[in-house]
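# Summary of the model geometry
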Amino acid sequence: MPHQILLLFGATGDLAQRMLLPSLFGLDSDGLLPDGLTILGTARSTLDDTGFRAEAQSALNKYVDADRLKPELVERFLARLHYVPVDSTRPGDFAALADKVRELGRLSAIFLSTAPSLFEPTIAGLDATGLAGDGVRLALEKPLGHDLASSREINDAVAAVFPEDRTFRIDHYLGKETVQNLLALRFGNLLFEPLWNSTGIDHVQITVSETVGLEGRVGFYEGTGALRDMVQNHMLQLLALVAMEPPAEFAATAIRDEKVKVLRSLRRIDRETAASCTVIGQYGAGAVSGKAVPGYVDELEKPSETETFVAIKAHIDNWRWKGVPFYLRTGKRLPSRQSEITIQFKDVPHSMFAKRGAILQPNTLIIRLQPEENIRLLLMAKQPGLDRDGIRLREVPLDLGHNALADGRRRIAYERLLLDLLAGDPTLFVRRDEVEAQWEWIDAIRDGWTANGMTPRRYGAGSWGPSAAIALTERDGVSWHD
Ligand code: NAP
């Protein structure tokens, strides 16, 4: 049997250096890569195998903990790497790539870690040189378009060559251990599911906050904005996992069917409701972690109406979630970097402790994905004592820290996804109908902003966004979980 090949486009880029090569090294170190797997890198840079191995070595030195870089493991990993230069916009370059593939073995999977504008010419080049057939799988990085129409165009170009069951759309949040743990928590326990609806849950919050500003992503971020960069993909995927019905099995079709039902049940936020259900902001100068930072337009060096912050009050119009708001919030230059889902349960119907002076807090489940991965359930418990001055109850956390469960190092989300790609398991990848349902919802919001002449409100860097974002929840008697 010829050796399997993983073909990596954009092999010299940031994502490859920071995430993909370190992930592949991690898998190789643990003996998890298929025997003889060859990783064939490509980009425009004129490197040979030796040059690419040198680049990969410096990426590992930079992004992998030194104590894991055992020389024999590094050497074994680097020996898997090969390189052939290809400019994806030049159809003639693909012949040399095809020759190299034939020389090395059997193409198993292709990972496009390049700008989406290169997807179409790359796929055409692969197709023309016979590199797209024989069960070859294709993994694509976000962003898959900037609206429904452009997303369909990309999906059509992909579908013309790679059938859906061989198309692996990446949302790296799905590779996170805690995101999968959310499924374990919901569907591996009896405790939560009976309450996981409008009877038991008051509201849900999803926050993805960043402390960084533009960070060299000027070309991409300007004109994209927070809604399309974060909400369209990661946050709607999280929302779908929180809200979906129990799938029949942990399998691609069962899980993705349930997610897409949720995405299609999202109440449209449109011209009528955009102004009352969304808040957009753009950071001005301020201070983050005690350090003065410039505003967005100062970093950009030109005026801009791109939103660096968005808060949304969403609803899912189905039986389970009737009347339960899902508050979503994401932004740059916020006070802390955190990705978190907060499930706020309802008050107990009656407090038998009220006349004894005890105040009850409703239960809260906090699923934290970043910076640390952690699940915490806040419960009321009795403070030890003889209660002579009344009963004292206290909110105490029940922690399901990652460390309590892990039997090894914490893995990069891409490790799981790369392994699933090589094994051909699409469960944790996003199906076309999901992406398109996501875009449909996002496009209506953007249309609502335009129709209402909504432009971003300024917020100081280092704050939690415009004050209107606080008002968005406070109107409902809800505070953001900071
Ligand atoms: P990047 O650093 O700009 O890398 C782009 C890669 O594409 C480089 O290897 C570049 O190498 C290659 N390339 C550029 N033009 C090419 C051409 N005409 N033909 C062939 N190769 C070409 O970008 P990135 O940050 O790695 O991101 C890659 C993709 O992942 C993008 O779609 C991005 O949106 C997405 N993504 C990135 C991150 C992240 O953390 N970086 C996170 C999520 C998603 P040469 O210049 O040598 O050709």
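What this report covers is the structure whose coordinates are included nearby. Going along each chain's sequence as written, the residues are numbered from 1 onward. Totals for whole chains, interfaces and linings use every residue, but because this is a predicted model, local features are given only for residues with pLDDT of at least 70 and side-chain atom pairs only at 80 or more, for both listing and counting. Hydrogens and waters are ignored; side-chain quantities use all the structure's heavy atoms.

What follows concerns the packing of helix α1 (residues 14-29) against helix α14 (residues 413-423). Only the stretch in contact is used when fitting a helix axis, every axis being a line fitted to C-alpha atoms; angles between N-to-C directions are given from 0 to 180 degrees. Here a strand is any run of E in DSSP of at least two residues, a helix any run of H or I of at least four, and the numbering for each starts at the N terminus. Orientation of α1 relative to α14, taken along the N-to-C sense of each, is 65°, at an axis distance of 8 Å. As summarised for this structure, α1 and α14 are arranged roughly perpendicular, according to the angle between their axes. As for the relative orientation of α1 and α14, their crossing is right-handed in sense. Here Leu 15, Met 19, Leu 20, Ser 23, Leu 24, Gly 26 and Leu 27 of α1 come into contact with α14, specifically with Tyr 414, Glu 415, Leu 418 and Leu 419. In this scheme, roughly parallel covers angles under 35 degrees and roughly antiparallel covers those over 145, while 65 to 115 is roughly perpendicular and the rest are oblique. A clockwise turn of the near helix away from the far one marks a right-handed crossing, whereas an anticlockwise turn of less than a right angle marks a left-handed crossing. In what follows, a contact means two residues having at least one pair of non-hydrogen atoms within 4.5 Å.

Pairing between strands requires that DSSP locate at least two bridges from one strand to the other. Strand order in the open sheet formed by six strands is β3-β2-β1-β4-β5-β6, with parallel pairing between adjacent strands. Strands at the two margins of the open sheet, each flanked by one partner only, are β3 (81-83) and β6 (167-169). Along the sheet, successive strands turn relative to each other by an average axial angle of 20°, direction set aside. As paired strands, strand β4 (residues 106-112) and strand β5 (residues 137-140) are joined by four bridges and run parallel to one another. Bridging across to β5, Ala 109 finds its partner in Arg 137. Its contacts with the sheet put α1 on β1 (4-9), β2 (38-42), β3 and β4, and the angle it makes with β1 is roughly 170°. Here α14 sits on the sheet in contact with β1, β4, β5 and β6, set at roughly 140° to β4.

The term salt bridge refers to a pairing of a side-chain nitrogen on Lys or Arg with a carboxyl oxygen on Asp or Glu at a separation within 4 Å. On inspection of all chains with the given rule, the structure shows 31 salt bridges. Of the charged contacts, one joins Glu 299 and Arg 333 as a salt bridge, the two residues approaching to 3.7 Å between their closest N and O atoms. Of the two residues, Glu 299 is situated in helix α12 (residues 296-300) and Arg 333 in the loop between β12 (326-331) and β13 (338-345); the sequence distance between them amounts to 34 residues. Relative accessible area decides the class of each residue, using a 1.4 Å probe on protein chains only: under 20% of the type maximum gives buried, over 50% gives exposed, and in between gives partly exposed. Accessibility expressed as a relative area gives 13% for Arg 333, which makes it buried. Each member of the salt-bridge network shares a partner with another, and the members are Arg 152, Asp 156, Arg 432 and Glu 436.

Turning our attention to the packing of helix α9 (residues 225-243) against helix α10 (residues 252-265). Between α9 and α10, the least distance of the axes is 9 Å, while the angle of their chain directions is 110°. The angle between α9 and α10 falls in the class roughly perpendicular. Between α9 and α10, the residues in contact are Leu 236, Gln 237, Leu 239, Ala 240, Leu 241 and Ala 243 and Lys 259, Val 262 and Leu 263, respectively. Gly is placed with the polar residues, together with every amino acid not listed as nonpolar (Ala, Val, Leu, Ile, Met, Phe, Trp, Tyr, Cys and Pro) or charged (Asp, Glu, Lys and Arg). Of the residues contributing to the contact of α9 with α10, the split by class is seven nonpolar, one polar and one charged.

Spatially, the nine strands line up as an open sheet ordered β16-β15-β14-β13-β7-β12-β11-β8-β17, and their pairing is mixed. Every other strand in the sheet has two partners, leaving β16 (393-401) and β17 (457-460) as the edge strands with one partner each. In this sheet, adjacent strand axes meet at a mean angle of 20° when their direction is disregarded. Sheet analysis places strand β7 (residues 201-209) next to β12, joined by six bridges and oriented parallel. Bridge pairing in β12 places Gln 205 opposite Tyr 327. Each of β7, β11 (309-314), β12, β13 and β14 (364-370) is contacted by α9, which is oriented at about 145° to β12, the strand it contacts most. Here helix α15 (residues 432-451) sits on the sheet and contacts β8 (278-284) and β11; the angle it forms with β11, its principal contact strand, is near 110°.

Further remarks concern the pairing of β13. As a general feature of sheets, a regular strand has side chains that alternate between the two faces. Burial within β13 is extensive, with eight of its eight residues counted as buried. Taken together, the eight bridges between β7 and β13 define a ladder with antiparallel strand orientation. When the bridges of β13 are listed, His 203 appears paired with Gln 344. Strand direction decides the pairing type here: β13 and β14, joined by six bridges, are antiparallel. Note that in β14 the partner of Gln 344 across the bridge is Thr 364.

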